[in-house]
Amino acid sequence: MSEAAIREELSLLAKSLFKRGYSVGTAGNISVRLPDGYLMTPTNSCLGRLDPARISKLGADWSHLSGDRPSKEVFLHRAVLTARPEAGAVVHLHSTYATAISCLAPEGGDAEIPPLTPYFVMRIGRRLPCVPYYRPGDAAMEPAVHEAAKGAKALLLANHGPVVSGATLAEAVHASEELEEAARLALLLRDVPGVRRLTPAQVDDLLATFG
Ligand code: 13P
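Residues numbered from 1 in each chain as written. Predicted model: local features only at pLDDT ≥ 70, side-chain atom pairs only at ≥ 80, totals over all residues. Heavy atoms only, no water.

Undergrad: Quick question: what am I supposed to make of the environment of Ala 148 here?
TA: Along the chain, the position of Ala 148 falls in helix α5 (residues 142–150). Under the relative-accessibility criterion, Ala 148 is labelled buried at 13%. For the pair Ala 148 and Leu 185, spaced 37 residues apart in the sequence, the C-alpha separation amounts to 24 Å. (Helix = DSSP H or I, 4+ residues; strand = E, 2+ residues; numbered from the N terminus. Buried < 20%, exposed > 50% of the residue type's maximum accessible area, 1.4 Å probe, protein only.)

Undergrad: I'm lost on α5 in this one. Help?
TA: An α-helix turns once every 3.6 residues. As a result, residues three or four positions apart point the same way. Among the residues making up α5, those that are buried are Glu 142, Val 145, Ala 148 and Ala 149. All buried residues of α5 project into a common sector of 130° when viewed along the axis, lining one side. (Arc of directions from axis to C-beta.)

Undergrad: How do you make sense of the pattern of salt bridges when you look at a structure like this?
TA: Any two side chains of opposite charge can pair, on the condition that their charged atoms come close. According to the stated counting rule, one finds 12 salt bridges in the structure shown. The salt bridge involving Glu 112 is made with Arg 197; its shortest N-O contact spans 3.7 Å. Here Glu 112, found in the loop between α3 (96–104) and α4 (118–124), pairs with Arg 197, found in the loop between α6 (169–188) and α7 (200–210); they are 85 residues apart in sequence, far enough to count as distant. A relative accessible area of 58% means that Glu 112 is categorised as exposed. Overall, the relative accessible area of 45% leaves Arg 197 in the partly exposed class. Residues Lys 150 and Glu 147 are paired through a salt bridge, measuring 2.8 Å at the closest nitrogen-oxygen approach. Separated by 3 residues within a single helix, Lys 150 and Glu 147 lie in helix α5, roughly one turn from each other. (Salt bridge = Lys/Arg side-chain N within 4 Å of Asp/Glu carboxyl O.)

Undergrad: So what exactly am I meant to see when it comes to the packing of helix α2 (residues 74–83) against α5 here?
TA: Working note: a packed helix pair is described by the angle between its axes plus the distance between those axes. Interaxial distance between α2 and α5 falls to 8 Å at its minimum, and their mutual angle equals 35°. In the crossing of α2 with α5, the sense of the turn from one axis to the other is right-handed. Only Glu 142, Val 145, His 146, Ala 149 and Lys 150 of α5 make contact with α2, whose side of the interface consists of Phe 75, Leu 76, Arg 78, Ala 79, Val 80, Thr 82 and Ala 83. (Axes fitted to C-alpha atoms, helices over the stretch in contact; angles between N-to-C directions. Left-handed = near helix turned anticlockwise from the far one by under 90°. Contact = heavy atoms within 4.5 Å.)

Undergrad: Explain the side chain of Ser 56 here, please?
TA: Within the element layout of this structure, Ser 56 appears in strand β3 (residues 56–59). We classify Ser 56 as buried; its relative accessible area is 0%. For Ser 56, the side chain forms a polar contact with the main-chain oxygen of Asp 68, separated by 2.6 Å. Setting aside residues up to four positions removed in sequence, Ser 56 forms contacts with Tyr 38, Leu 39, Met 40, Thr 41, Pro 42, His 64, Ser 66, Gly 67, Asp 68, Arg 69 and Pro 70. (Polar contact = N/O pair within 3.5 Å; in protein donor to acceptor, adjacent residues only side chain to side chain.)

Undergrad: What am I meant to see in the pairing of β3 here?
TA: Working note: regular strand, side chains alternate between the two faces of the sheet. Burial along β3 is two-sided: Ser 56 and Leu 58 and Lys 57 and Gly 59, pointing in opposite directions, are all buried. Summarising the sheet, strand β2 (residues 37–40) and β3 pair through 4 bridges and their orientation is antiparallel. Across the sheet, the residue bridging to Met 40 is Ser 56, located in β3. Inspection of the sheet shows β3 paired to strand β4 (residues 64–66) by 2 bridges, in the antiparallel sense. Of the residues in β4, the one forming a bridge with Lys 57 is Ser 66. (Pairing = 2+ DSSP bridges.)

Undergrad: Looking at this structure, how should I read a nonpolar patch on the surface?
TA: Together, Leu 185, Leu 188, Leu 189, Val 192 and Val 195 give the surface a local cluster of nonpolar side chains, amounting to about 370 Å² of exposed area. Among the secondary structure elements, Val 192 is positioned in the loop between α6 and α7. Overall, the relative accessible area of 40% leaves Val 192 in the partly exposed class. (Patch = residues over 30% accessible without salt bridge, like charges linked within 9 Å, V, L, I, M, F, W, Y side chains within 5 Å. Areas by Shrake-Rupley, 256 points an atom, 1.4 Å probe, with all protein chains shown as cover.)

Undergrad: For this particular structure, what's the right way to read the site of the ligand?
TA: Within the structure, the ligand sits among Thr 26, Ala 27, Gly 28, Asn 29, Thr 43, Asn 44, Ser 71, Lys 72, Glu 73, His 92, His 94 and His 160. At 2.6 Å from an oxygen atom of the ligand is found a side-chain nitrogen or oxygen belonging to Thr 43. In the shell around the ligand, the residues fall into 1 nonpolar, 9 polar and 2 charged. (Near = heavy atom within 4 Å. Nonpolar A, V, L, I, M, F, W, Y, C, P; charged D, E, K, R; others polar.)

Set out below in C-alpha cells:
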C-alpha cells in the first residue's frame, strides 16, 4: 500500500473510532510503520478530523520529518514497535471500558479480563499487562512499556488507557475494538454468579488455530 493510501486509511479508521466514542476530544494516537520510517497522528489532533496530508512523518530514527508536530506519546509507540518487530501499527485510545479496567488492574501485573468469548482470545491473546502509571507524554515510561510489549500484543497504561499493536493498521484497530468489547463484558459480568468462561482447552484451541 502506498504512503498516500495509508494516510487515507489512517484518517478513515481514526474517524470511525471517534464517531463510535472510542476516543473523545483530542485523546488517543495512532502510528504506522513504513519502509522508511513512521506515520504518527499529530499532538492535540482530534481522531475524528485528521487531515491525511498533515499526519506527522518520522524518519527511521524517529526524528520529525514533515507534517504537524507528532503526538507527545511518540516514545510509547516507539517502545511497542521496537519490542514487536512483527507489528506494523499501534493504536492508543482512552476507550471507556478498557480504561476502567486500567484503573482496576494491578500496576506491573496483568489485567484480569476473563476469556469469555473467542474473539478477545483470538485478537489479544492470553496476556494483558498493566504498565504502572506515568503522566501522559512522560518518556520515563518507555522501558516499562517496551518490556511489557515484548510478551503481549496489547497492554494497559494504569489509569490511562489501552495500547494495542497489530500486523497492520486495520488489525490493530480491530483488536482495539475487541479489547474494548471484552472489557465491557468483563465489567458487565464482574459480580454476576455462574458466568461461564472459556475453558483452558478452548483457549488453547483458539490460539493454536488463530493465534
Ligand atoms: P497527543 O495529543 O499528544 O497525541 O496525546 C493524546 C493522548 O492520548 C495522551 O495519552
